[in-house]
Amino acid sequence: MAAFSRGRDWMKGFCFFRTLGHKRTLTGKFDYDLVVIGGGSGGLACSKEAALFGQKVAVLDYVEPSLKGTKWGLGGTCVNVGCIPKKLMHQAALLGTAAKDARKYGWQVPEALSHDWATMAQAVQNHVRSLNWGHRVQLQDKKVKYLNMKGSLIDEHSVRAVDAKGKQMTVTAKNIVLATGGRPKYPMHIPGAVEFGMTSDDVFWLKESPKKTLVVGASYVALECAGFLTGIGLDTTVMVRSIALRGFDQQMSGLVTDYMEAYGTKFIWKSTPKNIEKLSSGLLRVSWLDLNTREEHQETFNSVLWAVASLATDAIPFSIFHSSDAFRFRFNTATCSREQSRGRMEERKGGKEVDLLFEGDHKAPTVMVPLGKGRQTRLPLVISI
Ligand SMILES: Cc1cc2nc3c(=O)[nH]c(=O)nc-3n(C[C@H](O)[C@H](O)[C@H](O)COP(=O)(O)OP(=O)(O)OC[C@H]3O[C@@H](n4cnc5c(N)ncnc54)[C@H](O)[C@@H]3O)c2cc1C
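Calculation criteria
- Residues numbered from 1 in each chain as written.
- Predicted model: local features only at pLDDT ≥ 70, side-chain atom pairs only at ≥ 80, totals over all residues.
- Heavy atoms only, no water.
- UniProt positions renumbered as here; feature names shortened; annotations may be inferred.
- Helix = DSSP H or I, 4+ residues; strand = E, 2+ residues; numbered from the N terminus.
- Pairing = 2+ DSSP bridges.
- Axes fitted to C-alpha atoms, helices over the stretch in contact; angles between N-to-C directions.
- Near = heavy atom within 4 Å.
- Polar contact = N/O pair within 3.5 Å; in protein donor to acceptor, adjacent residues only side chain to side chain.
- Areas by Shrake-Rupley, 256 points an atom, 1.4 Å probe, with all protein chains shown as cover.
- Nonpolar A, V, L, I, M, F, W, Y, C, P; charged D, E, K, R; others polar.
- Domains from an automatic or database assignment.
- 1 Å grid on protein atoms, 1.4 Å probe; cavity = no way out; pocket = protein on both sides within 12 Å on 5 of 7 lines; lining within 4 Å.
- Points joined across faces, edges and corners; volume = space filled by probe spheres on them.

As recorded in an unreviewed UniProt entry, the protein chain goes by the name FAD/NAD(P)-binding domain-containing protein, listed as coming from Danionella cerebrum. The protein chain has a UniProt comment under Sequence similarities (unreviewed entry) that states "Belongs to the class-I pyridine nucleotide-disulfide oxidoreductase family." As its UniProt record puts it under Cofactor (unreviewed entry), the protein chain is described as follows: "FAD".

What follows is the structure, given as structure tokens:
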């Protein structure tokens, strides 16, 4: 994630300073000095700062519902399906632990402590909605025009904006910033993954408890979700294909997973899911392959949460940069995946930082990856954070 963030930070920095580099020369040629596509942490910060510098700014934010149909308001991943709801759910878990500990400190806490998901979810969702509202008010206060519309580039100064009802308009701007973020990915090659699984885009908006849950993946998103699910008393298992917290210090990673195991999270190591079936009881039967023994195993769960990777939002139109600038990003090769023709993901080994040159258009972005000794190869771009 760090490498990806650095890349995005760099991009934001580049676009931002390019914007600020110009004096205010709005001559009526464009509707805005700056149009920002994406109203998440990056887009909101950028649009508000630019407005403070006297720029005429519009921000477009549009949430494509998750495959399960979950949708949310202004503020992007962090506010709606990331940092904020996650931290509140962690707090719910910590309170449970504290309540149990409190007995030893003299508090008369009932023996049978139970947790009600619906109450927690309602409170979390209400808080997130209040933040959605707060962000709208901040934009209004700073005179940033908020358009709840999906943007795509027509050319380097024009954005096509489409609302939920299909109404279209074109907005023009001297500068355009892309801050469209990313969304969790499903492993499309696993039968039942989409029909019966969910992602972090859904878990925070569930009205009912996910109950016994299998979390597939070992990213920070996977471990954090597994952590709070365990903490509120749910039977939770994490399935790890190779190592936990790739890209992080592996000694620390070991401490994290040891701690989680000690607190009740189960781990299935070196294994990969093969398929998910829904039984007549409503339970999900997950079959997986142990990559060490090559044996197949099965177990039933109430929910399966995929936390296998995130994809850059498909609306990112790289073509503008291709045609104008030789736009270079820094990415860590460990986070740059190769999509094979079979559609299977294969992670590139190593963690060397390289410059990658984006090419292609927004439907088929590619990167030129240096292979050393002057050789390079063109790969479809898949970003995992
Ligand atoms: C479960 C989870 C926990 C996390 N916890 C933390 C944490 O504790 N600390 C931390 O620093 N980070 C955390 N993160 C990461 C953090 O949420 C992201 O790094 C951050 O939200 C990225 O901000 P962004 O502005 O780049 O993109 P986003 O927040 O994803 O915002 C992009 C916005 O653009 C919209 N959009 C996309 N395409 C278009 C389009 N064509 N037109 C209009 N709008 C569009 C999207 O709907 C979205 O609203 C977490 C992430 C997850 C998933």
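Anyway, onward from the coordinates.
Before going further, it helps to examine unusual backbone geometry. Phi is positive for L245, close to 50°, though the residue is something other than glycine. Assignment of secondary structure puts L245 in the loop between β10 (236–239) and α9 (250–262). Although it is not a glycine, K270 sits at a positive phi angle of roughly 50°. Assignment of secondary structure puts K270 in the loop between β11 (266–268) and β12 (271–278).

Now for the sheet that holds strand β13 (residues 284–290). Within a sheet, each strand pairs with its neighbour through backbone hydrogen bonds, oriented either parallel or antiparallel. Overall, antiparallel pairing links the three strands, which are arranged β12-β13-β14 in an open sheet. Both edges of this open sheet fall to β12 and β14 (296–301), since each of them pairs with a single strand only. Strand-to-strand twist across the sheet, computed as the mean angle between neighbouring axes with direction ignored, equals 25°. Bridge analysis of β13 against β14 gives six bridges, and the strand direction is antiparallel. Across the sheet, the residue bridging to V286 is E299, located in β14.

Right, let's get into the site of the ligand. Around the ligand sit 33 residues in total, of which G42, D61, T77, K86 and G151 are the nearest. Contact distances for the ligand include 3.2 Å between an oxygen atom and a backbone N or O atom of S41. When the ligand sits alone it has 1,000 Å² of accessible area, and the protein chains cover 85% of it. If you list the elements that add at least two residues to the shell around the ligand, you get α1 (2–21), α2 (41–52), α3 (76–81), α4 (83–102), β4 (150–155) and α8 (220–231). Considering every element that reaches the shell around the ligand, the biggest residue donor is α3, with four residues. Looking at the shell around the ligand, its residues break down into 12 nonpolar, 14 polar and seven charged. A domain split of the shell around the ligand shows at least three residues from each of domain 1 (27–180) and domain 2 (184–311).

With that out of the way, let us pick up the layout of surface pockets. Put simply, the second largest pocket is a space of about 610 Å³. Lining the second largest pocket are 21 residues, with G227, F228, G231, Y259 and Y263 positioned closest to its centre. Looking at the lining of the second largest pocket, the elements with two or more residues in it are α4, α8 and α9. Of the residues assigned to the lining of the second largest pocket, the class counts are 10 nonpolar, eight polar and three charged. Two domains share the lining of the second largest pocket, each providing at least three of its residues, namely domain 1 (27–180) and domain 2 (184–311).

A word on the pairing of strand β5 (residues 158–162). Alignment of β4 against β5, held across five bridges, turns out to be antiparallel. When the sheet's bridge partners are listed, D155 is paired in β5 with S158. Remark: two residues form the turn of the hairpin made by β4 and β5, two consecutive strands paired antiparallel. Bridging between β5 and strand β6 (residues 168–178) involves five bridges; their strand directions are antiparallel. The residue of β6 that forms the bridge with V159 is V171.

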